[in-house]
Amino acid sequence: MAAALSNPQKRYLRGLAHDLKPVILVGAKGITDNLAAETALALEHHELIKVRVAAGDRELRDEWIGILCERTQAALVARIGNIAVLYKRSQDKPLIVLPKA
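Residues numbered from 1 in each chain as written. Predicted model: local features only at pLDDT ≥ 70, side-chain atom pairs only at ≥ 80, totals over all residues. Heavy atoms only, no water.

Examining the packing of helix H2 (residues 33-46) against helix H3 (residues 58-72)
Part 1 of the argument: For the pair H2 and H3, the least separation of the axes is 10 Å and the interaxial angle reads 65°. In this structure, H2 meets H3 at a crossing whose hand is right-handed. Mapping the contact onto sequence places Asp33, Leu35, Ala36, Thr39, Ala40 and Leu43 in H2 and Leu68, Arg71 and Thr72 in H3.
Part 2 of the argument: Taken together, the residues that form the contact of H2 with H3 break down as five nonpolar, two polar and two charged. (Axes fitted to C-alpha atoms, helices over the stretch in contact; angles between N-to-C directions. Helix = DSSP H or I, 4+ residues; strand = E, 2+ residues; numbered from the N terminus. Left-handed = near helix turned anticlockwise from the far one by under 90°. Contact = heavy atoms within 4.5 Å. Nonpolar A, V, L, I, M, F, W, Y, C, P; charged D, E, K, R; others polar.)

Structural notes on the pattern of salt bridges
Part 1 of the argument: Across all of its chains, the model carries two salt bridges by this definition.
Part 2 of the argument: A salt bridge links Asp33 to Arg71, with the shortest nitrogen-to-oxygen separation between them at 2.4 Å. Of this pair, Asp33 sits in helix H2 while Arg71 sits in helix H3, placing them 38 residues apart in sequence.
Part 3 of the argument: Arg79 is the salt-bridge partner of Asp62, the closest N and O atoms lying 2.8 Å from each other. A residue pair is termed long-range when its members are at least 10 positions apart, and Asp62 in helix H3 and Arg79 in strand E3 (residues 75-80) qualify at 17 residues.
Part 4 of the argument: For Asp62, a relative accessible area of 35% corresponds to the partly exposed category. (Salt bridge = Lys/Arg side-chain N within 4 Å of Asp/Glu carboxyl O. Buried < 20%, exposed > 50% of the residue type's maximum accessible area, 1.4 Å probe, protein only.)

Some remarks on unusual backbone geometry
Part 1 of the argument: Phi at Glu47 takes a positive value of approximately 70°, unusual for a residue other than glycine.
Part 2 of the argument: By the element assignment, Glu47 lies in the loop between H2 and strand E2 (48-53).
Part 3 of the argument: Its relative accessible area of 0% is what places Glu47 among the buried residues.
Part 4 of the argument: One non-glycine residue with positive phi stands out, namely Gln73, at about 55°.
Part 5 of the argument: Relative to the elements of secondary structure, Gln73 occurs in the loop between H3 and E3.

Focus on the pairing of strand E1 (residues 22-26)
Part 1 of the argument: Across four bridges, E1 lies against E2 in parallel orientation. The residue bridging Leu25 from the neighbouring strand is Arg52, located in E2. (Pairing = 2+ DSSP bridges.)

What is shown is where atoms sit, not what they do.
This is the structure we're talking about:
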């Protein structure tokens, strides 16, 4: 599992994510193996991404976001409505320098 982020780090990442558009769209089928793989690739390339979850039920959205974070080992930065912001430090070329915890 990804290391827990401190509140200042989450605040910093939310600021960076403000202008981002969702790059992953979770549809009616939920979290599939292909969706998890694409999310992992997007996280490795961008480190910080937005995910749009198309589920009408709040509990189902939260469950899918939790599953996606678990399968990609990403940290949930924020969730507002049906948009979640995920962060995972890149193994090859880290792009984002987080403030100290």
